[in-house]
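# A closer look at the structure
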Amino acid sequence: MKIPLILASSSEFRQSILKKINLPFSSFNPEIDETALNCETPEQLVLRLAEQKAHTAKKFYSQGLVIGSDQVAVHQNQVLGKPHTKPNAIAQLRQFSGQKVTFLTSLCLYNIEQNKSTSLVEPFHVYFRILNDKQINAYCDIEQPYQCAGSFKSEGLGICLFDKLEGDDPNSLIGLPLIRLTQLLLAQGVDVLTANNLS
């Protein structure tokens, strides 16, 4: 790749997803205020935060394609935050039992030199099975998903909490819509498949 690829995130989950496309990249922590604005919809919130994260790269880099992303979980029109504690995680999972939760994951690809970006929001729906307190408590003890929106890790034991998943890209549930990212990269002249061909 001629243009450096930059991930505007310190998330180990997003870094591990981005490694799947086998292109070299650097990363940084954008350190932005993620507080929602008054009357901001969940879609507007995640889109703004992804764009803000990506554009923060101008402070540290003079060129590159910058990937910004953010995610919120929405249940019954309410935005769900990270639980941070076991009691909060238990309360969230009790609330989700037998319910649908929608994850909105935003993506922004920003070209620093051109000062142009493309942004989108990818929805993913999670249908929880009916869970009892013993199951919820056991799950929280095993995976301790206290820094995860929705109180679960779908890439681990959290998959056992669900009846079904519905969406275009399972990577978006973990935090980065990889299928859409490869499409945005291609529009910038970066074909992931040929860029990986070293012959």
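Note that the structure is predicted; figures quoted are calculated from it, not measured. (Residues numbered from 1 in each chain as written. Predicted model: local features only at pLDDT ≥ 70, side-chain atom pairs only at ≥ 80, totals over all residues. Heavy atoms only, no water.)

### A word on the layout of surface pockets
Going by this rule: Cavities and pockets were defined on a 1 Å grid built from protein atoms only: a cavity is a group of points that admits a 1.4 Å probe but offers it no way out, a pocket is an open group of points flanked by protein on both sides within 12 Å along at least five of seven lines, and a lining residue is one with an atom within 4 Å of any such point. Grid points are joined across faces, edges and corners, and a volume is the space filled by probe spheres set on the points. The numbering of helices and of strands both runs from the N terminus, where a helix is a DSSP run of H or I of at least 4 residues and a strand a run of E of at least 2. When residues are sorted by character, Ala, Val, Leu, Ile, Met, Phe, Trp, Tyr, Cys and Pro go into the nonpolar class, Asp, Glu, Lys and Arg into the charged class, and all the rest, Gly among them, into the polar class.
Volume-wise, the largest pocket comes out at about 880 Å³. Along its surface, the largest pocket is lined by 34 residues, and Arg14, Gln71, Lys82, Gln147 and Ala149 are the ones closest to its centre. Sorting the residues of the lining of the largest pocket by element identifies helix 1 (12-18), helix 2 (42-55), strand 3 (65-75), strand 4 (78-80) and helix 5 (170-174) as the ones contributing at least two each. Its residues assigned to classes, the lining of the largest pocket comprises 16 nonpolar, 9 polar and 9 charged.

### Things to note about the packing of aromatic side chains
Quick reminder of the rule: Two aromatic rings, drawn from Phe, Tyr or Trp (for Trp, its six-membered ring), form a pair once their centres lie within 6.5 Å of each other, and the interplanar angle then sorts them: stacked below 30 degrees, edge-to-face above 60, tilted otherwise. Burial status follows relative accessibility: with a 1.4 Å probe on protein chains alone, a residue under 20% of its type maximum counts as buried, one over 50% as exposed, and anything between as partly exposed.
Within this structure, the stated rule accounts for 7 aromatic pairs. Residues phenylalanine 96 and phenylalanine 128 carry aromatic rings whose centres are separated by 5.2 Å and whose planes lie at 45° to one another, so their mutual orientation is tilted. Of this pair, phenylalanine 96 sits in helix 3 (residues 86-96) while phenylalanine 128 sits in strand 6 (residues 116-128), and the two are 32 residues apart along the sequence. Summarising the burial analysis for this pair, phenylalanine 96 and phenylalanine 128 share the class buried. Ring pairs connect the aromatic residues Phe96, Phe103, Phe128, Phe152 and Phe162, which therefore count as one cluster.

### Here's the deal with the UniProt feature "active site" (unreviewed entry) in the protein chain
What counts here: UniProt positions are given in the numbering used here, feature names are shortened, and annotations may be inferred rather than shown by experiment. Whether two residues are in contact is decided by their heavy atoms, any of which lying within 4.5 Å being enough.
Look at the UniProt record and you will see "active site" (unreviewed entry) annotated at Asp70. Inspection of the secondary structure assignment puts aspartate 70 in strand 3. On the basis of relative accessibility, which here comes to 5%, the residue aspartate 70 falls in the buried class. Leaving out residues up to four positions away in the same chain, aspartate 70 has contacts with Arg14, Glu34, Val46, Leu49, Ala50, Lys53, Leu104, Thr105 and Ser106.

### Overview of the pattern of salt bridges
Close approach of charged atoms allows side chains with opposite charge to pair. The line we're drawing: Salt bridges are identified by distance alone: a Lys or Arg side-chain nitrogen within 4 Å of an Asp or Glu carboxyl oxygen.
Taken as a whole, this structure holds 7 salt bridges when the rule is applied. The shortest N-O distance in the salt bridge between glutamate 40 and arginine 48 comes to 2.7 Å. Of the residues examined, glutamate 40 reaches a relative accessible area of 18% and is grouped as buried. Its salt-bridge partner being aspartate 141, residue lysine 86 comes within 2.6 Å of it at the nearest N-O pair. With a gap of 55 residues between them, lysine 86 in helix 3 and aspartate 141 in helix 4 (residues 133-143) connect regions that are remote in the sequence. Taking the relative accessible area as the measure of exposure, lysine 86 reaches 25% and is therefore partly exposed.

### Digging into the UniProt feature "site: Important for substrate specificity" (unreviewed entry) in the protein chain
Condition: Whenever a nitrogen or oxygen atom comes within 3.5 Å of another N or O atom, the pair is scored as a polar contact, on the condition that within protein one atom can donate a hydrogen and the other can accept it, and that pairs from neighbouring residues in sequence are kept only if both atoms are in side chains.
Look at the UniProt record and you will see "site: Important for substrate specificity" (unreviewed entry) annotated at Phe13, Gln71 and Glu155. Narrowing the list just given to those that line the largest pocket leaves Phe13, Gln71 and Glu155. Mapped onto the secondary structure, phenylalanine 13 falls in helix 1. Judged by relative accessible area, phenylalanine 13 falls into the partly exposed class, the value being 29%. Relative to the assigned elements, glutamine 71 resides in strand 3. Ignoring anything within four residues of it in the chain, the contact list for glutamine 71 reads Arg14, Val46, Phe103, Leu104, Thr105, Ser172, Leu173, Ile174 and Gly175. A polar contact of 2.9 Å, which involves the side chain of glutamine 71, links it to the backbone oxygen of serine 172.

### Looking at the side chain of serine 154
Here serine 154 is to be found in the loop between helix 4 and strand 7 (162-167). On the basis of relative accessible area, serine 154 is assigned to the buried category, the value being 14%. Dropping the residues within four chain positions of it, serine 154 is found in contact with Ile159, Phe162, Leu173 and Ile174.

### Looking at the nonpolar core
Threshold: Nonpolar cores are built from buried Ala, Val, Leu, Ile, Met, Phe, Trp, Tyr and Cys residues. Side-chain atoms within 4.5 Å join them into one set.
In terms of nonpolar packing, the biggest core is built from 21 residues, with Leu93, Val126, Phe128, Phe152 and Leu161 touching the most fellow members. Taken together, the elements giving at least two residues each to this core come down to helix 3, strand 5 (100-111), strand 6 and helix 4. In this structure, phenylalanine 152 is in contact with Phe103, Val126, Phe128, Tyr139, Pro145, Leu161, Phe162 and Leu173, ignoring residues within four places of it in sequence. Core analysis: the second largest hydrophobic core is formed by 18 residues, Ile17, Leu18, Leu109 and Leu176 among them.

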